[in-house]
Every structure is written in structure tokens, then in C-alpha cells.
Amino acid sequence: MPQCKLYDIITSRENILLSYRTIKSNKGSNTPGTDRKTIKDIQKLSEDELVEEIRSKLKHYHPKKVRRKLIEKENGKSRPLGIPCIIDRIIQQCFRQILEPIADAKFYKHSYGFRPLRSTHHAMARVQFLINKSSLHYVVDIDVKGFFDNINHTLLIKQLWNIGVHDRKVLACISKMLKAEIDGEGIPTKGVPQGGLLSTLLSNIVLNFLDHWVAEQWEFFPLHKPSLS
């Protein structure tokens, strides 16, 4: 796919309308953002009006303020969610539909989190396979503390470039999404807002390099030292 055409594909009529239908089928489409609008307000537009609205907004893109919502965790702490306005959610979905296949093709083959047609069940099956094949009995559990909140924006844009996203219009729009003002908190200088439709994809892009590094270090590491004769 020629990268100079990526923006044109994202803003194509077909992709915009598919994004709208996808968001419409999501229960979260009735959750308002800071502008208090929901999918019901978007439904008042004709298809032509919606396409023109999205294209016009992206020409000089400035996302609306993101609504902050705190979700209580089991340990008593809170997870901060960022809820974009409905029009920005449709725009993010437009980007996700085109970028996800490009990024997914570069992801490590045994990465299972937040990827199309993959789940924890596939990860468990892989673990069981390794146990049966190699008699492995240890699992290393790693938790990156505050991962979503501390992603470096500049590094993320570079990583997007490295996996093949070379359309500068697309990268500029994503950069603006990352810096969308959070209502009551200001403009973030780092992190990916949990709750945004692109969050998991962008996070996987950041973690992809770690996945490949770990695999290079240990996947084909010999399990037993060769006997000396």
C-alpha cells in the first residue's frame, strides 16, 4: 500500500461510513463526551454530510476536549479513562481500520493482547503447548507500572514510522490525538489515553519492540547445555 495514499484511504467515503456503522453498533456510542453529544446527534446527518464533516474536520484537525472518568480498581486505586467526543471517536475508528492491518503484520507472532482474532485463550493454548513440548514449568509475569500513562509521544511517532506508516498527514493527526486536552487537567505531554479507540493499537506498537527483543534473547535459547564428551 503506497504510504502517500494512506491519508486518502483513511478519509475515503467507504472507510468513514464503515467507521460510523462500527461506532453506532457499540454500546459506548450513547456515552457523551465533553460536548454532550452522542451517536443520536450524528444520526441526524445524511451520509454525505457526515463524510464532509469528517473530511473538513481533519483538514485542520484539533480534537475536542476529552472527558475524564475514573474507574475504581480492585485494589482501591482508580484507573483514569479518557472519553473523546463522539465525532473524534469516529475519526479514531477511521484511522484504526486502516492502521491496524499494517501494524498487526509487524507484530510478534506470539503476541495475543488486543489483536484481531486473538484472545487469552490463544495465549493459554501456547503456554500449554510449550509445557507439553519442552517440559517448561515457569512463567515470568511482568507488569509495566503506569504504562499507558507514560508512553513517550515522540518515540511512539518514530515507532509508527518504523513499522511502515510514512504518511506525514497521518502521523500529524495521530500526534494531535495524543495531545488532545483533558478536561480539567490540561494538555498531556506523555501517555496514551485509556478509553480512546486507538489506545490499545498504539500501545501494542510501543510494546512490539520489547516483544521482538525478548524473543531474540530467549525464544531459541537452548534449554540444556550440550554434554561434553
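An account of the accompanying structure is given in this report. Please read these numbers as outputs of a predicted model, since none were measured by experiment.

This paragraph deals with unusual backbone geometry. Of note, the phi angle at Arg36 is positive, near 65°, even though the residue is not glycine. Within the fold, Arg36 resides in the loop between helix H2 (13-24) and helix H3 (39-42). The phi dihedral of Leu117 is positive, around 60°, even though this residue is not glycine. If you trace the backbone, Leu117 turns up in the loop between helix H5 (86-104) and helix H6 (120-134).

Counting residues in each nonpolar core, the largest one holds 45 residues, and the members touching the most others are Phe95, Val165, Val170, Ile174 and Ile205. Those elements that provide at least two residues to this core are helix H1 (6-10), H2, H3, helix H4 (47-59), H5, helix H7 (153-162), helix H8 (168-178) and helix H9 (199-218). Here this core takes 10 residues from H5, the largest share from any one element.

In this structure, strand S1 (residues 67-72) lies alongside strand S2 (residues 78-83), joined through 6 bridges in antiparallel fashion. If you follow Lys69 over to S2, its bridge partner there is Leu81.

It is at 12 Å that the axes of H5 and H8 come closest, and there the two elements cross at 130°. Compared by their axis directions, H5 and H8 come out oblique. Two packed elements cross with a definite hand, and for H5 against H8 that hand is left-handed. Across from Ile91, Gln92, Phe95 and Leu99 in H5, the residues of H8 making contact are Val170, Cys173, Ile174 and Met177. For the contact of H5 with H8, the class distribution of residues is 7 nonpolar, 1 polar and no charged.

Attention now moves to the packing of aromatic side chains. Remark: the centre distance and the inter-plane angle together describe each pair of aromatic rings, the angle taken between the planes. Applying the stated rule across the entire model yields 1 aromatic pair. On the numbers, 5.7 Å between centres and 70° between planes, the contact of Phe147 with Phe148 is edge-to-face. For Phe147, a relative accessible area of 16% translates into the label buried.

Tracing the sequence through the fold places Asp167 in the loop between H7 and H8. Lys169 is the oppositely charged side chain nearest to the buried, salt-bridge-free Asp167, at an N-O distance of 6.7 Å. At 3.0 Å, the side chain of Asp167 and the backbone nitrogen of Lys169 are in polar contact.

Judged by side-chain polarity, Leu210, Trp213, Val214, Trp218 and Phe221 come together as a nonpolar surface patch covering roughly 540 Å² of accessible area. As for its placement among the helices and strands, Trp213 is situated in helix H9. By relative accessible area, which is 43% here, Trp213 ends up partly exposed.

Parameters at a glance
Residues numbered from 1 in each chain as written. Predicted model: local features only at pLDDT ≥ 70, side-chain atom pairs only at ≥ 80, totals over all residues. Heavy atoms only, no water. Helix = DSSP H or I, 4+ residues; strand = E, 2+ residues; numbered from the N terminus. Core = buried A, V, L, I, M, F, W, Y, C linked by side-chain atoms within 4.5 Å. Buried < 20%, exposed > 50% of the residue type's maximum accessible area, 1.4 Å probe, protein only. Pairing = 2+ DSSP bridges. Axes fitted to C-alpha atoms, helices over the stretch in contact; angles between N-to-C directions. Parallel < 35°, antiparallel > 145°, perpendicular 65-115°, else oblique. Left-handed = near helix turned anticlockwise from the far one by under 90°. Contact = heavy atoms within 4.5 Å. Nonpolar A, V, L, I, M, F, W, Y, C, P; charged D, E, K, R; others polar. Phe/Tyr/Trp six-rings, centres within 6.5 Å; stacked < 30°, edge-to-face > 60°. Lys, Arg positive; Asp, Glu negative; His and termini not counted. Salt bridge = Lys/Arg side-chain N within 4 Å of Asp/Glu carboxyl O. Polar contact = N/O pair within 3.5 Å; in protein donor to acceptor, adjacent residues only side chain to side chain. Patch = residues over 30% accessible without salt bridge, like charges linked within 9 Å, V, L, I, M, F, W, Y side chains within 5 Å. Areas by Shrake-Rupley, 256 points an atom, 1.4 Å probe, with all protein chains shown as cover.

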